[in-house]
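# Secondary and tertiary structure notes
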Amino acid sequence: MRRFVYVAKGVAWRSVHNTLVSPAILLPSLIFPLFFLAAFAGGLSRISDIPNFDYKPGYTAFQFAFVFLQSAAFGGVFTGFAVARDFDSGFARRLLLTAPRRSGIIAGYALGALGRWLITAVVITTAALAAGMNVSGGGIEIVGLIGLGIMMNLGSALWACGVAMFLRTEQAGALIQMPVFIVLFLAPVYVPLRLLTGWVHAVARLNPATATLEAARGLIAGSPTKVALSFALLAGGAVLTALWARRGLASAERAG
Amino acid sequence: MSASPSAVALAPPHLFEQVGAVARRSVMRTVRQRGLLVFPLLFPLILFAINGSALGAATKIRGFPPVSYRDFALAVPFIQGALFVAVSTGTDLARDIESGFFDRLALTPLRGSALLAGQLGGSVVVACVQSVVYLAVGVASGVGIASGFGGALVLLVLSILIAFGFAGLGALLALRFGTGEAVQGFFPLLFVTVFLSSSSLPRNLIQISWFHEVATYNPVSYLIEGIRSLIITGWDAQALALGFGFALLLCVLTLGFAGTAMKNRLVRT
Amino acid sequence: MNSSSPAIEIEQLVREFRKGPRAVDGIDLAVSPGEIYGFLGPNGAGKSTTVLMLTTLLPPTSGRARVGGYDILRQGSQVRASIGAALQEAALDAILTGREHLMLQATLQGMPKADRTRRAQELLERVGLTEAADRRVGGYSGGMKRRLDLALALVHGPRILFLDEPTTGLDLQSRSALWEEVARLAKEEGMTVFLTTQYLEEADALADRVGIIDHGKIVAEGTPTQLKEEIGSPTVEVVPADAGAGDALAQRLASFGQLARNGRGAVTVQLPGGESQLAEVVRVLDQAHLKVASLQLHQPSLDDVFLAKTGRKLEGAGEDQDERQP
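Residues numbered from 1 in each chain as written. Chains lettered and ligands numbered in written order. Predicted model: local features only at pLDDT ≥ 70, side-chain atom pairs only at ≥ 80, totals over all residues. Heavy atoms only, no water.

Further remarks concern a nonpolar patch on the surface. On the surface, Val-239, Leu-240 and Leu-243 of chain A cluster together into a nonpolar patch covering about 320 Å² of accessible area. Within the element layout of this structure, Val-239 of chain A appears in helix H10 (residues 227-255). (Patch = residues over 30% accessible without salt bridge, like charges linked within 9 Å, V, L, I, M, F, W, Y side chains within 5 Å. Areas by Shrake-Rupley, 256 points an atom, 1.4 Å probe, with all protein chains shown as cover. Salt bridge = Lys/Arg side-chain N within 4 Å of Asp/Glu carboxyl O. Helix = DSSP H or I, 4+ residues; strand = E, 2+ residues; numbered from the N terminus.)

This is the structure in structure tokens:
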């Protein structure tokens, strides 16, 4: 166990360190969510004028919930890019050779993803508050919101690690991000679920990300809804993606 | 390894032949890496499919044009596709610089203008394919083109012109910085210009004042509105003049600067 | 350029990079037509920078150079028309086939359409890539890429060929095949070859003359034989059958010249009179009834020359710096 922890700590440290010292890695993960927040909360604010849109804290908070979860998911995606890059450069093979407990590598990358996302989360929350976001939820609700973000980040990071380890090339980037992107955008991003119509409504109803997004919005509004369901779904997702990542690692081990 | 030597008498190469040779290579590369085309082609279409439906409620805002949101949103994929053309043009050129292939070309009598034109020629072919696909998918999903068949053709011309201008930007970035990483690093910035425009709502319906200002001064708004006018309005002279005007300006500026950057990069004595 | 004037002529050529030392620090050299000139030095010595300047891809900071009789600064296009170059990286497009590379190069060189196919086929045969000609270069081995690189440099029939570390990373077989072709080009076609290398045996085997460059300066120049003779006479190493006989061995051999004791009783002695003294060494050992396990004559190598001129061994002397960092 101790060896597992050492490996995980080492890999996580490198991941966070590289993010902090390299603007090319850090800036996209900060800028993208900030611009999504600006574009959605700012550019689409008139959406809240449509009949039956009744989210009390306002459209900025409504969009913040989405951007917060999206940044958590993309924190994991960006880590997947880094894993793929490590395989392209040969560094990952060095890791496989050196690490006494290779599953610690996955844990390390996941921890690194969490570290990276926490930086982003602080920045976008500060930006949203500065833009006048209303938060009606109390301390416990905020802890719940952060918990949802952490779980989302974990699942996404494990998914991304798995793909990157299976394909072991930077060209895996599209395959890593596309499913995450689609799942997130097929949730009720711009309006509440009941205001969606057509095929998007049908898909969003079945999309597990919808429950998480509604839970996040409920926690910000101080009227929690579907929180337990969301945590259960995210925990199930994390278990599945952990198995996926482990299989990816085994594939990388076989490839040598 | 043995054969007789060969004396070769060479005439100065013709400019068009040089452009053709470089463009042929550029197209060949694209055709042989079809897989790389999938993401740039699919991504804007997926966003169009999702937003076209998910933002349907926006049509209920007072002042929104009397069309479906899908009609309104179809202009956006053309611009997003043009951004992907910019990135792929820049990445291809940067790869040539990084690998030394550019030096090999520099040792031939190839003119910088021919290299740039050839490279962009390949990008235009990609842009043509993309634009036709976006238009076909839009029409197939029920979007009507208010300006009719002629308008659809003008739409294709405008979108290809826009892609050409953005391809010039990609080439400029590659020639200026010389690495694919730098070119890709600019992609988020380019992408943001689409978000900070009238891509999601008409400018007069953007409520937040700073966003409205940015969208008004953002040339991408006028590129989108030029294309959009052909889809939802018909023949709108002002929107078209602004759309074509900004597209031409983009081409002139990016190609002009790319030409200078090419001269500096081809530091042959 | 007339037949007696040098194919390459360099005077006080300098290249400085920002925030760096002088990559090339005032070198002078001349290469005759049809000569193979080996430019030997460790990584970062200034070899590639020199080649980039001579091929007009990098302007010098100061100094003059003429290639094929043309000034590299004022007559760049004429220089490029006279030369072929295979630079350090085999700069190829992984997506194109070998034949497509040659056709593209021929087109850009302005070759008439009718000649391109013939020339491409001719060169593919010459470098032994006929079978792989229509395969994408991405699947080529290192040796095949280098051979294609060479063929591309020869498309327009240049008089002068620049090869920047052409065999780095190649296996022995590919290396000797490339050496053979380069030697043939010089011998049969009278091509001038300017070859940079960090391999002693490559310079030794191929070059008519060798220039040794270190820290941007030429520290020695001459034919390989001249350079080796310059630094001294051969040595003979004698290993006695009985390790305890080392003292007796040293006593007998001391009369020949300076000697050095190695492990297990072995003795190395210099032969100031050259290798003809070897017979005398054998006679002395025989007269003294000293049984010998092995006896080896060592000629001075270019590595010894490098050591004598720079105080370092060539191997590991490099600084691994990118020579084109601005």
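When their charged atoms lie close together, side chains carrying opposite charge are able to pair. Residue and element names in this part refer to chain C. As enumerated under the stated definition, the model contains 31 salt bridges over all chains in all. One salt bridge in this structure joins Glu-188 and Arg-184, with 3.0 Å as the shortest N-O distance. Of this pair, Glu-188 and Arg-184 are both found in helix H6 (residues 172-189), 4 residues apart, which corresponds to roughly one turn of the helix. Taking the relative accessible area as the measure of exposure, Arg-184 reaches 9% and is therefore buried. In this structure, the salt-bridge partner of Glu-221 is Arg-209, at a minimum N-O distance of 3.7 Å. Of the two residues, Glu-221 sits in strand S10 (residues 217-222) while Arg-209 sits in strand S9 (residues 209-214), which places them 12 residues apart along the sequence. (Buried < 20%, exposed > 50% of the residue type's maximum accessible area, 1.4 Å probe, protein only.)

Along the chain, the position of Pro-109 of chain B falls in the loop between helix H5 (101-106) and helix H6 (112-140). Between the alpha carbons of Pro-109 of chain B and Gln-18 of chain B there is a distance of 9.2 Å; along the sequence they are 91 residues apart.

Listed per partner, the contact involves 49 residues of chain C and 34 residues of chain B. Across the interface of chain C and chain B, roughly 3600 Å² is buried in total on both sides, 59% from carbon and sulfur atoms. On the chain C side of the interface with chain B, the three residues burying the most area are Arg-80, Ile-95 and Leu-108 of chain C, jointly 18% of the side's total. Run the count over chain C and chain B and you get 5 salt bridges. With its nearest N and O atoms 2.3 Å apart, the salt bridge here joins Arg-104 of chain B to Asp-149 of chain C. Between chain C and chain B we count 7 residue pairs in polar contact (both at pLDDT 80 or more) in total. The greatest single-element share of the side of chain C that touches chain B, amounting to 6 residues, is contributed by helix H3 (residues 98-108) of chain C. When the residues that make up the side of chain C that touches chain B are grouped by side-chain class, the tally is 21 nonpolar, 12 polar and 16 charged. (Contact = heavy atoms within 4.5 Å. Buried area = accessible area lost by both parts, 1.4 Å probe. Polar contact = N/O pair within 3.5 Å; in protein donor to acceptor, adjacent residues only side chain to side chain. Nonpolar A, V, L, I, M, F, W, Y, C, P; charged D, E, K, R; others polar.)

Let us look at the state of the cysteines. Scanning the model with the defined rule gives 0 disulfides over all chains in all. Of all cysteine sulfurs in the structure, the one in Cys-251 of chain B sits closest to Cys-128 of chain B, which takes part in no disulfide; the separation is 13 Å. (Disulfide = S-S within 2.5 Å.)

Next up on the list: the domain arrangement of chain C. Structurally, chain C comprises domain 1 (8-223) and domain 2 (233-299). Computed over C-alpha atoms, the centres of domain 1 of chain C and domain 2 of chain C are 44 Å apart. (Domains from an automatic or database assignment.)

To continue, consider the interface of chain A and chain B. Listed as interface residues are 32 residues of chain A and, on the opposing side, 30 residues of chain B. Taking both partners together, chain A and chain B bury about 2800 Å²; carbon and sulfur atoms supply 79% of that area. Where chain A touches chain B, the interface holds 0 salt bridges. The tally of links between chain A and chain B comes to 2 residue pairs in polar contact (both at pLDDT 80 or more). Taken together, the elements giving at least two residues each to the side of chain A that touches chain B come down to helix H2 (23-42), helix H7 (173-185) and helix H8 (198-206) of chain A. No other element matches H2 of chain A, which puts 9 residues into the side of chain A that touches chain B.

Under the counting rule described, the total for this entry stands at 36 aromatic pairs over all chains. The interplanar angle of 25° and the centroid separation of 4.5 Å between the aromatic rings of Phe-181 of chain A and Phe-185 of chain A together place this pair among those described as stacked. With Phe-181 of chain A and Phe-185 of chain A both in helix H7 and 4 residues apart, the pair spans about one turn of that helix. By relative accessible area, which is 1% here, Phe-185 of chain A ends up buried. Ring geometry for Phe-39 of chain C and Phe-194 of chain C: centres 5.2 Å apart, planes at 50°, overall tilted. Separated by 155 residues along the polypeptide, Phe-39 of chain C in strand S3 (residues 36-40) and Phe-194 of chain C in strand S8 (residues 192-197) bring together distant segments of the chain. Residue Phe-39 of chain C is classed as buried on the basis of its relative accessible area, which comes to 0%. (Phe/Tyr/Trp six-rings, centres within 6.5 Å; stacked < 30°, edge-to-face > 60°.)

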